[in-house]
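# Structural features, examined
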Amino acid sequence: MIMVFKVKKTWMKLWLKLLVLNKNGSSLIKKKVDEIFHSVASAASRQRVPLAKLAVANTGKGIIEDKVIKNHFASEFVYNKYKNIKTVDVVERDVARGYTKIAEPVGPICAFVPITNPTATVLFKSLISLKTRNCIVFSPHPAASECSNAAAKLCIDEAIKAGAPEWCISYLDKPTRALSTKLLHHPEINFALATGGPSVVHACYESGTPAIGVGAGNAPALVDETCDLEMACSSIFLSKTFDNGMICAAEQAVVVVDQVYEQFKQLLTQRGAYILPPADAKRVGDVVIHDSLHVNSDIVGQSAIKIASMAGVEVPDKTLVLVGEASEVGDHEKWSFEKLSPVMALYRARDFEHGVDISKRLAYHGGQGHSSAIYTNPNNLDRVNRFEHEMPTYHVIMNSPSTFGAIGDVYNFNVDPSLTLGCGSLGGNSVSVNVGPENLLSYKTVAEKRENMQWMKLPPTIYFKRGIIHEALKDLQGVAQRVLIITDPTMKELGIADQVEEAVPFAKVSIFEGVLPEPSFACIRDGIDAMERFKPDTVIALGGGSPLDAAKVMRLLYECPEVKVTDLIARFLDIRKRINPFPLLGTKIKKLIEIPTTSGTGAEMTPFAVITGDDGYKYPVCSYALTPDMAIVDPEFAAGMPKTLTAHTGYDVMTHAVESYVSVMATDYTQCLSSKAVELVNKHLANAVNNPTDMEAREGMHNASAIAGIAFANAFLGINHSMAHALGARFHIPHGLCNALVMSHVILYNASTNPTKMTAFPQYKYPQAKKQYAQLADVLGLAPGGTEDEKLIALVERLEQLKVQCGIPLSIADCGIDRSEFMAAVPALAEHSFDDQCTGANPRYPLIKELEELFMAAYEGSPLGTEASARYDGGIYEALKETTYGQGQHV
């Protein structure tokens, strides 16, 4: 027996030999496997009659003619179904996506063979093992070893003739329980395939060897008043008499609704069934099922007449099926058990619903997960749907003989042919399908690195230049009939909202001026109420970031009121795979136009909105469904910005540009925009702050804001914004100022070539934030010819210098925040920052402790002498010590 375990290596040697002989080795070995598969299937089919005769002679069970059909099915049907499937080497390859799937055999396999199908099961399992290059060792039922081993020997001889290794198939010549157990537990056995009684299946699963076992069947068939009654009777009779009822999927009980019960009984009698009187039914039941509640093996596969004789019951000479009427289900009713013989229970149901209930109880009584059948008019979809969903079986047969419907490929070609039917978790099995070659393969997947598809999304229409509002809004003529302008009280008071209204004389206009800074969900609800009253087809958002953000969310919730707030603010790692996708918009509001009056947020270009929650914290909302349909970038609307607002929002633009440049989602398409925005801010921000009437500077900053908006709309941001969201919400510091306060510390932290953690799924091979910061220094002409460390320091010093030029505080402490109050808030600030949506695209994945250190460094304003400075690369740390910024002096 142990010699068989050499076969796995023999298969491998044969495979390798073929690979050496031919550069197309995998196709050659596939050809050889297919030749072996074909040869054995052909030989098995030719010997179907002798094997059937031997099976009946050896076991004394079943019918020769039906076993011929079984053997033919196990060879011809199985070969036809699986001849073209890929089971060798590479079975699937997608070069473009870098994916390869390789099939490998699971064996050697230990296979148990039941007495009910002693030859067909051997043929079936031999064929699917050969197709998958598995060697297999059969442990036949001791009372059927002669015929089972003859079938195995037939397969062995034919396989070897076709070129298979000598020990590809083997068997226990004189099987015993002890020998079968030894085989099952042998260290070289990798897999068990068990078809047989519950004890065999249970032993396989308990062995610790990976196994597929199948459970017992106790299949009920429900017959209702709408079915073709003659067809139902004929099908059930065909199924139940086949091989004297030894197929485990055969009907063990028939449940008939009262309306046609007597008619069905009459049809059964006409076909050759004998309805047993109650006393005789008890005698037959006692013979069929032992008091131990197990089927009597002596009656399995015997004729109805012989079983009646064993019970001392006289029946007509031509009786084919013994039928016992029953009304109970359970251990006390022996007719409710699986019987594996031409013995069948008959139940009367009041109606269809009662019939389903009886059928379910029968399936639960020893047949969970296996098979059930229903006979009804195919148009009764409600009944079919109820039966298939309520029955605790994984093989549901409709208007077909259960025996042939379950084994597959006879009455439904989509059901795989098999003599091993899985019963799933309900039946204590690992599979619920018809077992086939795929179940005897392990699949190795080879995944090459591929970057995900990137994108560039922006508003379909963008207008930019001074004094363009009237010309741009002409696009709405003939489209917009009811326009709602969403803005803040200041825009209304300054008459700017009225200017926009004048630009759409062709439409009816309403103005909602209720947006306050840092809009809350209460503000959003007020805006939705205004939409409900006015019912606009077009919305124009006018103002700074707050009205622009609020308008996006108002539109979403107005059009899709079923969207939950928790879904709006739910975090995601990949926007394309988010758990809560946003619906497409445009069903009510056809166009959303956004006109910024500050040069900072870039909201008119982005799919983002920031809303303040009931807890006071800011929550970014992100979906490309929120992207405006038109953006109008007219610097004249920003001409009146106060100095401080210009400084803060301008630094927000710089943060957008720098963060999007080093984001893990940055691409060539976004970085060119990011770097241009950095260049524009560096050139124009100080002039826009200190010379408010300099329209060239105003226009430069307005364009920079929009360009940076496009960049971060597609590349996203990082922890600079995450920290700013938390800081601003907690201490009510303007958002742009918050970004300025932490920016230099974040850059020094991100610029590590050996970070504690890298952000998941970066679009580059290794950390390169330092290199990218150095590239931005080159854009600004800083530290020409210097090292990356020197350029990085020069960039940070320039950003600090820009703060001084714009009158921006250099530290959180300079903003008047109490030290003890701030330090007490740091843990919560860090945690909120870590959980912010922006964190996921940061080039360095932060630990919460590191965020705490960054907050404390930003409070002090010095890059050195803090815990955060210990996170810097060594070269950066040393270079900083030589700078005025590193020494804590004004740049």
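Our subject is the structure that appears above.
This write-up is about the structure you can find in this document.

A count of helices and strands for the protein gives 31 helices and 23 strands. The globule rule puts the C-alpha radius of gyration for 891 residues at 29 Å, and the 39 Å found for the protein is more than 25% above it. For the protein, the proportion of its 891 residues judged to be buried stands at 58%. Sequence separation of 24 or more characterises 75% of the internal contacts of the protein that already satisfy a separation of 6 or more. Summed over all atoms, the accessible surface of the protein reaches about 35,800 Å², with 52% contributed by carbon and sulfur. Taking the 85 positively charged and 98 negatively charged side chains of the protein as two groups, their mean positions are separated by 9 Å.

We now examine the environment of R844. Checked against the element boundaries, R844 lands in the loop between α29 (819–834) and α30 (848–860). Owing to a relative accessible area of 2%, R844 belongs among the buried residues under this scheme. For the pair R844 and S663, spaced 181 residues apart in sequence, the C-alpha separation works out to 9.3 Å. Every residue in contact with R844, bar those within four places of it in the chain, is listed here: Y749, N750, S752, P755, T756, K757, T759, E850 and R871. Within polar-contact distance, the side chain of R844 engages the backbone oxygen of Y749 at 2.7 Å.

Moving on, we get to the sheet that holds strand β9 (residues 251–257). Taking strand neighbours across the sheet as the criterion, the 7 strands line up as β10-β11-β12-β9-β8-β13-β14 in an open arrangement whose pairing is parallel. Every interior strand has two partners, whereas the edge strands, β10 (273–275) and β14 (393–398), have only one. Geometrically, the sheet is characterised by an average inter-axis angle of 25 degrees between neighbouring strands, direction not taken into account. Bridging between β10 and strand β11 (residues 321–326) involves 3 bridges; their strand directions are parallel. From the neighbouring strand, I275 faces β11, where its bridge partner is V323. This element, helix α9 (residues 229–241), spans β8 (219–223), β9, β10, β11, β12 (343–349) and β13 (369–375) of the sheet and lies at about 165 degrees to β9.

Between its terminal C-alpha atoms helix α13 (residues 352–364) stretches 18 Å, which fits the 18 Å expected from 13 residues at 1.5 Å a residue. Those residues of α13 that fall on the buried side of the exposure criterion are F352, H354, G355, V356, I358, S359, L362 and A363. One or two residues past the end of α13 sits G366, with phi positive at roughly 95 degrees.

Next up on the list: the pairing of strand β23 (residues 630–633). Alternating positions in β23 separate into two faces, M630 and I632 on one and A631 and V633 on the other, with burial throughout. Pairing of strand β16 (residues 461–464) with β23 involves 4 bridges; the strand directions are parallel. Among the inter-strand pairings, Y463 is bridged to a residue of β23, identified as I632. Here strand β20 (residues 591–596) runs beside β23; their pairing, made up of 2 bridges, is parallel.

One way to put it is that helix α3 (residues 48–59) packs onto helix α6 (residues 145–161) with a least axis distance of 8 Å and a crossing angle of 155 degrees. In terms of orientation, α3 lies roughly antiparallel with respect to α6. Contacts between α3 and α6 pair L51, L54, A55, N58 and T59 from the former with S145, E146, C147, A150, A151 and L154 from the latter. Its residues assigned to classes, the contact of α3 with α6 comprises 7 nonpolar, 3 polar and 1 charged.

Taken as a whole, this structure holds 11 aromatic pairs when the rule is applied. Ring pairing ties together the aromatic residues W455, F608, Y624, F712 and F716, which thus form one cluster. Residue placement shows R730 over the ring face of F731; its charged tip is 4.6 Å from the ring centre. Taking the ring centre of Y749 as reference, the NZ or CZ of R844 above it sits at 4.1 Å.

This paragraph deals with the pattern of salt bridges. Summed over all chains, the structure comprises 37 salt bridges. The salt bridge involving K265 is made with E325; its shortest N-O contact spans 3.3 Å. Remark: E325 occurs in strand β11 and K265 occurs in helix α10 (residues 258–271); sequence separation between them is 60 residues. Between E821 and R730 there is a salt bridge, with the nearest N and O atoms lying 3.7 Å from each other. Residue E821 is located in helix α29, and its partner R730 is located in helix α25 (residues 719–731); the two are separated by 91 residues in the primary sequence. The partly exposed category is assigned to E821, whose relative accessible area is 37%. Connected through salt bridges with shared partners, the residues D258, E262, K265, E325 and R348 form a single ionic network.

With respect to burial, β12 is a largely interior element, 6 of its 7 residues being buried. When β9 meets β12, the two strands line up parallel, connected through 5 bridges. Bridging from a neighbouring strand, A253 pairs with A345 of β12. One ladder, built from 5 bridges, connects β11 with β12; its direction is parallel. Bridge pairing links E325 to L346 in β12.

For the pair α3 and helix α4 (residues 64–82), interaxial distance at closest approach is 8 Å and the crossing angle is 130 degrees. By the criterion of interaxial angle, the relationship of α3 to α4 is oblique. With respect to the hand of their crossing, α3 and α4 are arranged in right-handed fashion. Contacts between α3 and α4 pair R48, V49, L51, A52, K53, A55 and V56 from the former with I64, K67, V68, N71 and H72 from the latter. In the contact of α3 with α4, the residues fall into 7 nonpolar, 2 polar and 3 charged.

Rules of the game
- Residues numbered from 1 in each chain as written.
- Predicted model: local features only at pLDDT ≥ 70, side-chain atom pairs only at ≥ 80, totals over all residues.
- Heavy atoms only, no water.
- Helix = DSSP H or I, 4+ residues; strand = E, 2+ residues; numbered from the N terminus.
- Rg over C-alpha atoms; globule rule 2.2 N^0.38 Å.
- Buried < 20%, exposed > 50% of the residue type's maximum accessible area, 1.4 Å probe, protein only.
- Contact = heavy atoms within 4.5 Å.
- Areas by Shrake-Rupley, 256 points an atom, 1.4 Å probe, with all protein chains shown as cover.
- Lys, Arg positive; Asp, Glu negative; His and termini not counted.
- Charge placed at Lys NZ, Arg CZ, Asp CG, Glu CD.
- Polar contact = N/O pair within 3.5 Å; in protein donor to acceptor, adjacent residues only side chain to side chain.
- Pairing = 2+ DSSP bridges.
- Axes fitted to C-alpha atoms, helices over the stretch in contact; angles between N-to-C directions.
- Expected span 1.5 Å × (residues − 1).
- Parallel < 35°, antiparallel > 145°, perpendicular 65-115°, else oblique.
- Nonpolar A, V, L, I, M, F, W, Y, C, P; charged D, E, K, R; others polar.
- Phe/Tyr/Trp six-rings, centres within 6.5 Å; stacked < 30°, edge-to-face > 60°.
- Lys NZ or Arg CZ within 6 Å of the ring centre and 35° of its normal.
- Salt bridge = Lys/Arg side-chain N within 4 Å of Asp/Glu carboxyl O.
- Left-handed = near helix turned anticlockwise from the far one by under 90°.

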